[in-house]
Amino acid sequence: MNTQTIVSSPLRLSLLGGGTDIPHIINKLNRGKTISASINLYVTVGCTSLPFFRGIKLKYSTTEIVDDIDSIIHPIFKEVLNYFNYNLDNYPGLEIFSTASIPSGNGLGSSAAFTSSLVQCIAKHLKNEVYSKEKLLELASSIERNSGNKNIGFQDQISSIWGSFASTVYKPDKIEVKYPSKEWERGMRDLIEKRGFLLKTESRTGLSSNFIEAHFLEKNIEVYEQILNLAEELDITDSTFNEQKVIELLVESSKISKATKVRTRLVEELETSLKDAGAIYTKQLGAGGGGFIFCLFEKEPDKIPPNLKKLMLKPKISNGGLRIL
């Protein structure tokens, strides 16, 4: 057992195929594909052993101090500690903290980054185990579903664990993750970092799976198939980067995917304002109900209206995925 362990994971920028990583959709279409990026916004989780304290201290957006796992309110903390059979009769007291660049509920995969970080942190801290990417993906996804977020996909965990750009093909019994060619990675990085912005709207309330219930997925199965077809047109292992094709696919996919999201009035208004300011592409990230909008401009914008600029940040690509610090 370690004295202190800290693990950090990047957040996710969904580019193409979002939603086709959900098991219900994978099983219906017999396949899925996502292309996503990891960005320089992070969730960090730390564990400290407390030899003179009998109990569990949890510090996140609130603080919990409890005598046993059953008394924990936060469902993912509870599920993870139960999975690892943490018991105060066998271990000293434990303090766990979680901190994030961006609050949860913003469409950037923070719940998956938190769960992945927490699972690896506890495994390393209590058992001195470091999981493979594939094992951590399996565990983190299962634990998050068991904690109540039942209709989540896999791409958020993949972005947090693998890092950089990832093209992932899903089959009912298999997941295959590929990194891009150097040329494609360089071109896409330049496009995002020079001409891309994230714009904050209101935060979503509740779990992301509340916005992607099974009957809603079933209703939109043909839409998800169109989204999948567009993702399958792009091969990030190509030896060249075709910027025009990438932008065309992003724009078309964003238009189609609106049918799968819960759209708020503020999101609609901000997307219109972005287009008036020169954006050639806007996409509401996540399942809906708020969150961030990702946008691209034709060229680096000279002037962005102050009412938009105060809500915006420039993302950078995170080369690495989950790290034990």
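Our subject is the structure listed above.
Here is a short report on the structure shown in this document. (Residues numbered from 1 in each chain as written. Predicted model: local features only at pLDDT ≥ 70, side-chain atom pairs only at ≥ 80, totals over all residues. Heavy atoms only, no water.)

Thoughts on the overall build of the protein chain
Line of reasoning, step 1. When helices and strands are counted, the protein chain shows 11 helices and 12 strands.
Line of reasoning, step 2. Whereas a compact globule of 325 residues would reach a radius of gyration of roughly 20 Å, the protein chain reaches 20 Å, a difference of no more than 12%.
Line of reasoning, step 3. With the C-alpha coordinates of the protein chain rotated into their principal frame, the extents come out at 60 × 45 × 40 Å.
Line of reasoning, step 4. A burial count over the protein chain gives 56% of its 325 residues as buried.
Line of reasoning, step 5. For the protein chain, contacts bridging at least 24 residues in sequence account for 75% of all contacts bridging at least 6.
Line of reasoning, step 6. Accessible surface for the protein chain amounts to roughly 14400 Å². Of this, 47% is attributable to carbon and sulfur atoms.
Line of reasoning, step 7. Taking the average place of the 40 positive charges on the side chains of the protein chain and the average place of its 38 negative ones, the gap between the two points comes to 4 Å. (Helix = DSSP H or I, 4+ residues; strand = E, 2+ residues; numbered from the N terminus. Rg over C-alpha atoms; globule rule 2.2 N^0.38 Å. Buried < 20%, exposed > 50% of the residue type's maximum accessible area, 1.4 Å probe, protein only. Contact = heavy atoms within 4.5 Å. Areas by Shrake-Rupley, 256 points an atom, 1.4 Å probe, with all protein chains shown as cover. Lys, Arg positive; Asp, Glu negative; His and termini not counted. Charge placed at Lys NZ, Arg CZ, Asp CG, Glu CD.)

Let's talk about unusual backbone geometry
Line of reasoning, step 1. A positive phi angle, near 65 degrees, is found at Asn-30, a position not held by glycine.
Line of reasoning, step 2. Among the secondary structure elements, Asn-30 is positioned in the loop between helix 1 (23-29) and strand 2 (32-50).
Line of reasoning, step 3. Of note, Ser-164 is a non-glycine position whose phi angle comes to about 60 degrees, a positive value.
Line of reasoning, step 4. Within the secondary structure layout, Ser-164 lies in the loop between helix 5 (155-162) and strand 6 (165-171).
Line of reasoning, step 5. Taking the relative accessible area as the measure of exposure, Ser-164 reaches 9% and is therefore buried.

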